[in-house]
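This is what each chain is made of:
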Amino acid sequence: MQKKFMKPEYKIISDLIEKDAKVLDVGCDDGTLMEFLKTNKNANIRGIEISKEKVQICIAKGLTVIEGNAEFDLKQFPNNSFEYVVLGQTLQAFINPETVIRELLRVGNKAIVTIPNFGHWKVRLNLLFKGTMPITNSLPHDWYNTPNIHMCTIKDFVRFSKIINFKIFKSLALINENVSDINNSNLIFKNLFGELGIFLIEK
Amino acid sequence: MNIKQNIKTLIVEKPLKLDCGQTINNFPLAYETYGSLNNEKDNAILVFHALTGDQFVTGINPVTKKDGWWSYAVGSGKSIDTDKYFVICANVIGGCMGSFGPSHENPKTKKIYGTDFPVITINDMVNAQINLLDFFGIKKLFSVVGGSMGGMQVLQFISNYPDKAKTAIPIACTSSHSAQNIAFNELGRQAIAADHNWSDGDYNSKNIVPDKGLAVARMAAHITYLSKKGLQEKFGRKLQERDDLKFGFDADFQIESYLRYQGSVFVDRFDANSYLYITRAMDYFDLVKQFNGNLSDAFKNTKAKFFIISFTSDWLYPTQENKDIVIALNAVGANVGFVEIESDKGHDSFLLNVPDFLKALKNFLDKSYAEKIHETRI
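Residues numbered from 1 in each chain as written. Chains lettered and ligands numbered in written order. Predicted model: local features only at pLDDT ≥ 70, side-chain atom pairs only at ≥ 80, totals over all residues. Heavy atoms only, no water.

Caption draft 1: Broad picture of the overall build of chain A. When helices and strands are tallied, chain A shows 8 helices and 8 strands. The C-alpha radius of gyration of chain A comes to 16 Å, within 12% of the 17 Å expected for a compact globule of 203 residues. For chain A, the spread of C-alpha atoms along the three principal axes comes to 45 × 35 × 30 Å. Of the contacts formed within chain A by residues at least 6 apart in sequence, a portion of 66% connects residues at least 24 apart. Accessible surface, chain A: about 9400 Å² in total, of which carbon and sulfur atoms supply 55%. The averaged location of the 22 negative side-chain charges in chain A is 4 Å from the averaged location of its 26 positive side-chain charges. (Helix = DSSP H or I, 4+ residues; strand = E, 2+ residues; numbered from the N terminus. Rg over C-alpha atoms; globule rule 2.2 N^0.38 Å. Contact = heavy atoms within 4.5 Å. Areas by Shrake-Rupley, 256 points an atom, 1.4 Å probe, with all protein chains shown as cover. Lys, Arg positive; Asp, Glu negative; His and termini not counted. Charge placed at Lys NZ, Arg CZ, Asp CG, Glu CD.)

As structure tokens, then:
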């Protein structure tokens, strides 16, 4: 799966985590975020990653990573094994995002979930004027080959928290590399201009 | 068995109580080392060999005159880099390369033990080898590594001596021998027993060897080390030095000829009774049962960093059985990494030139050695 990590995203995630925390990075990709959290927060960090190639890269970086599918392999971790579980731009790729969220919150005390915002104005305009499924920098696939089968908007995710009943502790939007709080009064605006939503959630 | 030169032997004086109830002492443990132990004595890696391996891990085996069994992985600049690490490997007890085994003489009867040799277990093998640490003055190994039965020894070692190794790499193994594993081993044992020369294990006194039975055992086992796809690609239905079928029972097919060859070279280097004892030890291996059904308890006291490796085409110790170990380790918050390596070479992949495997092994070891290991649990 291709991920467009932005440097500010690491920084934001890192700021949400205390020093020395036990962290699981779900879908850890090539371990860039893991390294960042290790260096900046001395995190005791583990990763789970589906791609063999990416796992190899992580091993070469000296990171502890388990090859596995987060949708099925999170169940091996006992309740509250980690202080934080991070899911970076991957929720939309799961067959059952609801199960994944529940698993994240079972395995971790808190979870940090980031989502590429499908409500962004460029995506909306793309669909409105072209009439085809939007292709943008952060969503580069065609509809028929995209791993992103459950795209959602920032607003959708906020609604999702009410439907499946988890608490959003902190919600942030990334707009042109600037981070800002999302609240009830600016939700419509952030949902239009936010490229990425970052949520710190709890059971 | 001929008297073998070039074999280093430690005589273990300390009594060792075996799982079968007997106690042995003053027994020989044959070993070999590669590289050199540094001043801090923190660069030692104990390698455990598999069923038919021995202490001659790499270089030319002085007894068989062939390459050591793990020459692809161990050596100067290789995954287990002997320029960097001090590699120790011992012949398992029950074996036939110098360690205490059924081809040794029973001091009481002055006869070769044969099947009077006590039945040994993976636990016994590991408890015998721990003596090497004292012998070399090593407080803590940098790593314990092994594939197949070697991997079982890694698991048992960590379970018995949780603070004696910084890292542990069980490869292509299982925590409990399956019915299918036992079935294949039994096939091998019965092939040996069916050879008239075996003489209920007493062939040494008659100066004969059950070579036909042992060869068949090896042939059957060899099939389990390869994958269907690997066999098909290498041999297919190719004929052996002939243009057409001969309508007889000679080796028409290359695969037949190959297996016969594997059987014939094996009997020159391996003892039939040792084959019985070691396969038995594997069959008795059940770390899950040792911990009353909870494998996690085997690892609850260790801070060792684990790296588990399996292979896609290994149907003898398939990925799922390796993953069960990962799951058990995660359940107690142990530090564990896991990768399944893509390979068509079956169970034997760990012994062969499989670049992804060799790379992962090297990276894990070198990175773990370079950095201070995070010895905390999650």
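Back to the text.
Caption draft 2: Quick look at the overall build of chain B. Counting its regular elements, chain B contains 11 helices and 14 strands. Rg of the C-alpha trace for chain B: 20 Å, near the compact-globule value of 21 Å for 378 residues, within the 12% margin. Considered along the principal axes of its C-alpha atoms, chain B spans approximately 65 × 50 × 40 Å. Per-residue burial for chain B yields a buried fraction of 57% across its 378 residues. A total accessible area of about 16100 Å² is found for chain B, and carbon and sulfur atoms account for 50% of it. Distance between charge centroids for chain B: 4 Å, based on 41 positive and 42 negative side chains. (Buried < 20%, exposed > 50% of the residue type's maximum accessible area, 1.4 Å probe, protein only.)

Caption draft 3: Highlighting the environment of Leu295(B). Residue and element names in this part refer to chain B. Note that Leu 295 resides in the loop between helix H9 (287–290) and strand E13 (305–311). Among the residues examined, Leu 295 registers a relative accessible area of 8% and is labelled buried. C-alpha of Leu 295 to C-alpha of Ser 176: the two residues are 119 residues apart in sequence and 9.6 Å apart in space. In contact with Leu 295, not counting residues within four places along its chain, are Ser 175, Leu 287, Val 288, Asp 324, Ile 325 and Ala 328.

Caption draft 4: Molecular detail of the interface of chain A and chain B. On the side of chain B, 29 residues touch chain A, which itself brings 23 residues to the contact. Between chain A and chain B, roughly 2000 Å² of surface is buried when both sides are summed, and carbon and sulfur atoms account for 52% of that area. For the pair chain A and chain B, the interface holds 2 salt bridges. The closest approach of N and O atoms between Glu340(B) and Lys52(A), which form a salt bridge, is 2.6 Å. Scanning the region where chain A abuts chain B turns up 9 residue pairs in polar contact (both at pLDDT 80 or more). Elements with a contribution of two residues or more to the side of chain A that touches chain B: strand E2 (44–49), helix H3 (52–60) and strand E3 (64–67) of chain A. (Buried area = accessible area lost by both parts, 1.4 Å probe. Salt bridge = Lys/Arg side-chain N within 4 Å of Asp/Glu carboxyl O. Polar contact = N/O pair within 3.5 Å; in protein donor to acceptor, adjacent residues only side chain to side chain.)

Caption draft 5: Here's a closer look at the pairing of strand E5 (residues 108–116) of chain A. Residue and element names in this part refer to chain A. Burial runs high along E5: 8 of the 9 residues are buried. The pairing of strand E4 (residues 82–88) with E5 spans 6 bridges and is parallel. Paired with Phe 82 across the two strands is Gly 108, which belongs to E5. The pairing of E5 with strand E8 (residues 196–202) spans 7 bridges and is antiparallel. Bridge pairing in E8 places Ile 112 opposite Leu 200. (Pairing = 2+ DSSP bridges.)

Caption draft 6: The arrangement of unusual backbone geometry in detail. Positive phi, close to 50°, is recorded for Gln89(A), a residue that is not glycine. Residue placement: Gln89(A) occurs in the loop between E4 and helix H5 (97–107). For Lys110(B), which is not glycine, the phi torsion reads 60° and is therefore positive. Locating Lys110(B) in the fold gives a position in the loop between strand E9 (105–106) and strand E10 (111–112).

Caption draft 7: Structural detail: the domain arrangement of chain B. Residue and element names in this part refer to chain B. Considered domain by domain, chain B is made up of domain 1 (8–176 + 289–370) and domain 2 (181–280). The C-alpha-based centres of domain 1 and domain 2 are spaced at 25 Å. Carbon and sulfur atoms make up 60% of the surface buried where domain 1 meets domain 2, a total of about 2400 Å² over both sides. Considering only the surface of domain 1 that becomes buried against domain 2, Leu 51, Thr 52 and Trp 315 emerge as the three largest contributors, covering 25% of it. (Domains from an automatic or database assignment.)

Caption draft 8: Just a nonpolar patch on the surface, in detail. All names here are of chain A. A cluster of nonpolar side chains, contributed by Trp 121, Leu 125, Leu 128 and Phe 129, occupies part of the molecular surface with about 450 Å² of accessible area. Relative to the assigned elements, Leu 125 resides in helix H6 (residues 121–130). For Leu 125, a relative accessible area of 37% translates into the label partly exposed. (Patch = residues over 30% accessible without salt bridge, like charges linked within 9 Å, V, L, I, M, F, W, Y side chains within 5 Å.)

Caption draft 9: Region of the structure containing the packing of aromatic side chains. Applying the stated rule across the entire model yields 32 aromatic pairs over all chains. For the pair Trp143(A) and Tyr144(A), a centre-to-centre distance of 5.6 Å together with 90° between the ring planes defines the contact as edge-to-face. Among the residues examined, Tyr144(A) registers a relative accessible area of 55% and is labelled exposed. Their ring planes at 15° and their centres at 5.0 Å tell us that Phe266(B) and Phe270(B) sit as a pair that is stacked. Residue class for Phe270(B) comes out buried when judged on its relative accessible area of 5%. Connected via pairs of aromatic rings, a cluster forms that spans Phe27(B), Phe100(B), Tyr113(B), Phe117(B) and Tyr277(B). Stacked on the ring of Phe169(A), the Lys or Arg Lys110(A) has its end atom at 5.7 Å from the ring centre. Directly above the aromatic system of Phe266(B) lies the positively charged group of Arg218(B), at a separation of 4.6 Å from the ring centroid. (Phe/Tyr/Trp six-rings, centres within 6.5 Å; stacked < 30°, edge-to-face > 60°. Lys NZ or Arg CZ within 6 Å of the ring centre and 35° of its normal.)

Caption draft 10: Representation of the nonpolar core. Formed by 110 residues in total, the largest nonpolar core has its most connected members in Ile101(A), Leu104(A), Phe157(A), Ile93(B), Val144(B), Phe157(B) and Phe299(B). Sort the elements by how many residues they give to this core and helix H8 (residues 272–284) of chain B lands first, with 7 residues. (Core = buried A, V, L, I, M, F, W, Y, C linked by side-chain atoms within 4.5 Å.)

Caption draft 11: Spotlight on the pattern of salt bridges. By the definition in use, this model includes 19 salt bridges over all chains. Close ionic contact of Asp73(A) with Lys323(B) constitutes a salt bridge, the shortest N to O distance being 3.4 Å. Placement of the pair is Asp73(A) in helix H4 (residues 70–73) and Lys323(B) in helix H10 (residues 319–331), with the two residues belonging to separate chains. In this structure, the salt-bridge partner of Arg189(B) is Asp283(B), at a minimum N-O distance of 2.7 Å. Note that Arg189(B) is positioned in helix H4 (residues 179–194) and Asp283(B) in helix H8, a separation of 94 residues in sequence. The same class applies to Arg189(B) as to Asp283(B), namely buried. Because the salt bridges share partners, they merge into one network encompassing Glu186(B), Arg189(B), Arg280(B) and Asp283(B).

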